[in-house]
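If you want the building blocks of each chain, they are given just below.
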Amino acid sequence: MKSTIEKLISTALAALPPDLLSAEARAARPEVERTRDASHGDYASNVAMRHAKAAKQNPRALAEAIISALPADPSVARVELAGPGFINFHLTAAAYHAELGAIIDQGASYGIQPPASGEKILLEFVSSNPTGPLHVGHGRHAAYGAALANLLIAAGHSVHREFYINDSGRQVDILAVCVWLRYLERLGEDAPFPSNGYKGEYLLAIAASLEAEFSHKLRQSAAAVRDGLPLDEPEGGDKEQYTDAIIARARALLGEEGFRKVVDHSLSGMTADIRSDLAEMGVTFDRWFSERSLTTSGAIDESLKRLEQSGHTYRKDGALWFRATEFGDDEDRVVERENGMRTYFASDIAYHLDKRLRGFDRLIDVLGADHHGYVARVRGGLAAMGEPPDSLEVPLLQLVNLYRGGEKIAMGKREGNFVTLRQLRHEVGNDACRFYFVMRSHDQQLDFDLELAKSRTAENPVFYIQYAHARVASVLRQLAERGLEYDAARGRANLDRLTEAHERKLMVALTRYPEVLALAAATRAPHTLVNFLRELANELHGAYAAGNENAAHRVIVDDEATRDARLSLFQATRQIIRNGLAILGVSAPDTM
RNA sequence: GCGCCCGUAGCUCAGUUGGAUAGAGCACCGACCUUCUAAGUCGGUGGUCGCAGGUUCGAAUCCUGUCGGGCGCGCCA
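Criteria and thresholds
Residues numbered from 1 in each chain as written. Chains lettered and ligands numbered in written order. Predicted model: local features only at pLDDT ≥ 70, side-chain atom pairs only at ≥ 80, totals over all residues. Heavy atoms only, no water. Helix = DSSP H or I, 4+ residues; strand = E, 2+ residues; numbered from the N terminus. Buried < 20%, exposed > 50% of the residue type's maximum accessible area, 1.4 Å probe, protein only. Contact = heavy atoms within 4.5 Å. Lys, Arg positive; Asp, Glu negative; His and termini not counted. Charge placed at Lys NZ, Arg CZ, Asp CG, Glu CD. Pairing = 2+ DSSP bridges. Domains from an automatic or database assignment. Near = heavy atom within 4 Å. Polar contact = N/O pair within 3.5 Å; in protein donor to acceptor, adjacent residues only side chain to side chain.

A. View of the overall build of chain A. Looking only at helices and strands, chain A features 23 helices and 17 strands. Across its three principal axes, chain A shows a C-alpha extent of roughly 90 × 65 × 35 Å. Looking at the 592 residues of chain A, the share that counts as buried comes to 52%. Expressed as a percentage of contacts within chain A between residues at least 6 apart in sequence, the contacts between residues at least 24 apart total 72%. Charged side chains in chain A number 69 positive and 81 negative. The centres of these two groups are separated by 2 Å.

The structure is reproduced here in structure tokens:
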């Protein structure tokens with residue numbers, strides 16, 4: 001509907017005398033928006049005010065000229081000049097009826113743009129370290145990323161979802177050592193667990209599977225492990241030194257090959273857990289990209305070479321530095337340490353170059369707000385390698401706070417008492433999880449109340465929206481119980497019976513859906529869709545409740561034409577709610 | 001100290017990338033409700049959009065400053 005108005009205005013602008021409006025003003029896409037106040041019609045445009053200055057015209061006079069140049073259209077009842085120069089469009093009832101018909105005809109594809117009409121986007125999200133299970137914060141990333149992917153696809157973009165696995169570096173060695181020590185414990189060895197190791201219980205399961213696969217083959221005596229190690233922090237030593245020492249000891253005792261086995265087993269155990277957790281939540285990826293593969297494929301060498309050849313690096317203190325300050329970063333960054341090891345940043349720029357080389361127009365990295373400092377340097381890396389820095393876009397997600405009935409649940413990674421995503425999902429269900437995680441703007445901290453999420457009342461928005469969907473199904477069941485049938489064709493032919501205030505409001509709300517989708521995708525803001533669905537559910541409940549006030553306003557009335565018209569409206573509403581919930585990854589049940 | 005985000009009704013938050021008289025839910029107040037049978041429905045009170053300047057036809061929205069809150073500033077990942 002909106003595009004119809006846009007086209008009308010564009011046609012009118014093109015028809016204006018050349019001295020009135022510049023070519024650019026003519027070619028610009030006119031701004032059209034829904035009115036807030038019904039007395040202003042259905043849509044309003046500010047084109048006249050926007051171009052008045054450049055055209056050296058009084059805005060109202062320019063609006064006047066545009067209005068008289070507007071071609072006639074069956075969906076427009078009348079056009080008015082209002083206020084400082086707004087052009088207000090009042091649509092015909094037939095325009096809404098046609099849109100209602102489109103919703104019913106197009107069903108699940110209503111509001112969706114043709115595939116691949118937009119950009120080729122690589123969306124990276126979650127990418128948690130494979131050293132522990134997902135916690136609630138990751139849940140927000142998963143839900144946001146998955147919903148954003150759906151929104152972008154609906155907007156016509158081609159989307160590739162990717163999870164970057166940080167499977168190299170010291171933290172992976174620490175993980176492996178911790179698993180191995182738990183394995184030794186299982187075999188009765190009193191292994192000295194490092195104070196800054198991963199203490200969570202999840203390692204016990206991986207240690208058990210390590211034993212299942214290798215039996216006693218990786219066993220070493222506790223004495224051999226302990227012999228000559230420096231003191232750990234609790235004993236007055238340095239925990240980092242101690243950790244490095246015990247990693248070195250494990251390597252020495254197991255041999256590179258043996259240690260590698262433990263690393264690989266631990267990593268695959270952890271990633272399998274993460275993957276299944278996400279899959280249970282309905283979040284899947286097109287590719288799980290291994291950081292380690294960047295080393296073996298030579299991608300890191302390649303990107304460092306690109307940086308060096310273009311003169312964006314230098315040597316200092318034996319390390320290789322990237323001149324990040326030339327690209328807006330606060331300080332230069334080390335990419336290769338004195339000892340020849342590459343930094344995390346080195347693999348990161350290699351990864352982003354790889355994304356570009358795979359042909360993606362736009363790279364979206366969904367990151368936690370605490371990673372914001374890293375955006376400038378990766379963008380700088382892209383620029384230095386000759387890639388457009390604007391191709392990288394980074395929505396930063398704020399923290400999640402859990403509440404139980406108003407009381408905050410304390411969580412600390414250090415204490416190991418964080419709530420896992422799996423625990424949360426099992427307690428409140430996948431639907432509530434997916435919904436609550438995208439309910440707020442991503443740059444707003446999120447308060448997640450477990451009791452509210454579980455409640456079956458109108459205060460719980462996910463329940464409220466799903467219930468609106470189920471309510472339509474319930475009306476249809478009622479219809480069948482009374483031996484009546486819904487005649488869709490008769491409904492379509494009698495949409496002009498939908499004259500009640502509630503019906504009209506519901507109809508208007510429905511037709512906003514494509515605009516909401518487009519906006520939510522463009523602003524990377526799934527919560528916009530959440531708010532819309534809430535409003536839509538509210539309108540549906542309102543239309544339904546009108547029947548309780550006045551029996552003549554019920555859906556199931558004796559008059560067949562009116563009944564079927566109302567059923568069409570309800571069916572269309574059900575369709576939109578279902579489509580919207582599908583994008584959020586929330587189910588649309590027929591009964592609650 | 002520097003950087004990023006936030007500040008809107010008593011509370012939790014929207015606000016269509018600068019539009020017309022700033023909205024919703026909860027809470028509060030009042031009325032209605034044995035139903036197309038899911039304890040709900042309808043109406044009402046409530047705001048100097050943190051503060052001070054600026055930009056322009058027009059600012060909660062953009063710019064500058066300032067106050068308050070959160071996060072980040074490793075040759076960790």
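B. Main features of the sheet that holds strand S16 (residues 407-408). Strands sit in the order S16-S15-S17 across an open sheet of 3 strands; the sheet is mixed. A strand with exactly one partner marks an edge of an open sheet, and here the two such strands are S16 and strand S17 (446-449).

C. Structural context of the domain arrangement of chain A. Under the domain assignment used here, chain A contains domain 1 (2-91) and domain 2 (170-280). Its C-alpha centre places domain 1 at a distance of 69 Å from the equivalent point of domain 2.

D. Representation of the protein's contact with RNA strand B within the structure. Around RNA strand B, a shell composed of 55 residues is seen, among which Gln171, His372, Gln478, Tyr544 and Arg554 lie nearest. For RNA strand B, the backbone portion of the atoms within 4 Å of the protein, that is sugar and phosphate, comes to 57%. Between glutamine 478 and RNA strand B, the recorded distance is 2.4 Å, taken from a side-chain N or O atom to a phosphate oxygen. At 3.3 Å, a backbone N or O of valine 555 approaches a base nitrogen of RNA strand B. If you list the elements that add at least two residues to the surface near RNA strand B, you get strand S1 (32-34), strand S4 (86-91), strand S9 (319-322), helix H18 (461-481) and helix H22 (526-549).

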